[in-house]
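Here is what each chain is made of, one letter per residue.
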Amino acid sequence: MDLKVWLTQRLAGKNVPLNLSPEQQDLHGLALGTAIEAHHAWCDKLELTLRGKNPEEYDPLVVGADHLCVLGKWLRSEGKALASLREYDELLELHKQFHECAGNILLAHKRGHFAEAIGLLRHDLVDLSGKVQFALVNLLDKVHDSKK
């Protein structure tokens, strides 16, 4: 299955399995499926936090930092081997925007601006999460195309 079709279906809420071997999803040490799932899960975690149903407390400054999560660490280590690709730069920038937005959601929530936090979450963060996920797929496609 084409990765973009799979991701489109997944973002639409369909539980479609990623039928790729670990070798096929490997992006210089980063597993595509794991990275995509982690970004998808952040939206759910923040939603639970805003509803007061998440036992974890998040520091907006930590969440807003794009270099502390698994993907951010990978982008600054093994992933740097792909820094010459336009797709890498796109992923780096979108990932930064995602974390800035997540941090802003938590700040708005802490300040009591619940409607603003929910709006940012349901619109901006979900949109950025999808863009990060597509950027990961584009980068993997580019790496696979270059090996042909």
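Just so it is clear, the structure is predicted and the values come from calculations on it, not from any experiment. (Residues numbered from 1 in each chain as written. Predicted model: local features only at pLDDT ≥ 70, side-chain atom pairs only at ≥ 80, totals over all residues. Heavy atoms only, no water.)

Draft legend 1. Looking closely at the overall build of the protein chain. Counting its secondary structure elements, the protein chain contains seven helices and two strands. Start at the N end of the protein chain and walk to the C end: the helices and strands fall as α-α-β-β-α-α-α-α-α. For 148 residues, the compact-globule formula gives about 15 Å, and the C-alpha radius of gyration of the protein chain, at 16 Å, lands near that figure. Reported as C-alpha extents along the three principal axes, the dimensions of the protein chain are approximately 55 × 30 × 25 Å. About 8,300 Å² of surface is accessible on the protein chain, with carbon and sulfur atoms providing 54% of the total. Across the protein chain, 18 positive and 21 negative side-chain charges occur, with their mean positions spaced 1 Å apart. (Helix = DSSP H or I, 4+ residues; strand = E, 2+ residues; numbered from the N terminus. Rg over C-alpha atoms; globule rule 2.2 N^0.38 Å. Areas by Shrake-Rupley, 256 points an atom, 1.4 Å probe, with all protein chains shown as cover. Lys, Arg positive; Asp, Glu negative; His and termini not counted. Charge placed at Lys NZ, Arg CZ, Asp CG, Glu CD.)

Draft legend 2. Quick look at helix H1 (residues 3-11). Where H1 is concerned, the buried positions are Leu 3, Trp 6, Leu 7 and Arg 10. Seen end-on, H1 carries its buried residues on one side only, within an arc spanning 95°. In this fold, the buried residues of H1 make contact with helix H3 (32-50) and helix H7 (114-146). In this structure Asp 2 caps H1, since a side-chain oxygen of it lies 2.7 Å from the backbone nitrogen of Lys 4. Immediately beyond the C-terminal end of H1, within one or two residues, lies Gly 13, with a positive phi of roughly 95°. (Buried < 20%, exposed > 50% of the residue type's maximum accessible area, 1.4 Å probe, protein only. Arc of directions from axis to C-beta. Contact = heavy atoms within 4.5 Å. Polar contact = N/O pair within 3.5 Å; in protein donor to acceptor, adjacent residues only side chain to side chain.)

Draft legend 3. Molecular detail of the side chain of Thr 49. You can see Thr 49 is positioned in helix H3. Overall, the relative accessible area of 13% leaves Thr 49 in the buried class. In this structure, Thr 49 is in contact with Asn 54, Tyr 58, Leu 106 and His 109, ignoring residues within four places of it in sequence.

Draft legend 4. Quick peek at the pattern of salt bridges. Applying the stated criterion across every chain yields a total of eight salt bridges. When the shortest N-O distance is used, the salt bridge between Glu 47 and Arg 122 registers 2.9 Å. Of this pair, Glu 47 sits in helix H3 while Arg 122 sits in helix H7, and the two are 75 residues apart along the sequence. Judged by relative accessible area, Glu 47 falls into the buried class, the value being 18%. Residue Glu 87 is joined to Arg 86 by a salt bridge in which the shortest nitrogen-to-oxygen separation is 3.1 Å. Each of Glu 47, Arg 51 and Arg 122 takes part in a single network of salt bridges with overlapping partners. (Salt bridge = Lys/Arg side-chain N within 4 Å of Asp/Glu carboxyl O.)

Draft legend 5. How the structure looks around the packing of aromatic side chains. According to the stated counting rule, one finds one aromatic pair in the structure shown. Taking 5.1 Å as the distance between ring centres and 55° as the angle between the ring planes, the aromatic pair formed by Trp 42 and Tyr 58 counts as tilted. Placement of Trp 42 in helix H3 and of Tyr 58 in the loop between H3 and helix H4 (60-63) is noted, with a sequence separation of 16 residues between them. Across the pair, Tyr 58 and Trp 42 agree in class, each one buried. Residue placement shows Lys 45 over the ring face of Trp 42; its charged tip is 5.2 Å from the ring centre. (Phe/Tyr/Trp six-rings, centres within 6.5 Å; stacked < 30°, edge-to-face > 60°. Lys NZ or Arg CZ within 6 Å of the ring centre and 35° of its normal.)

Draft legend 6. Representation of the side chain of Arg 10 in the model. Relative to the helices and strands, Arg 10 is located in helix H1. Setting aside residues up to four positions removed in sequence, Arg 10 forms contacts with Val 16, Ile 36, Glu 37 and His 40.

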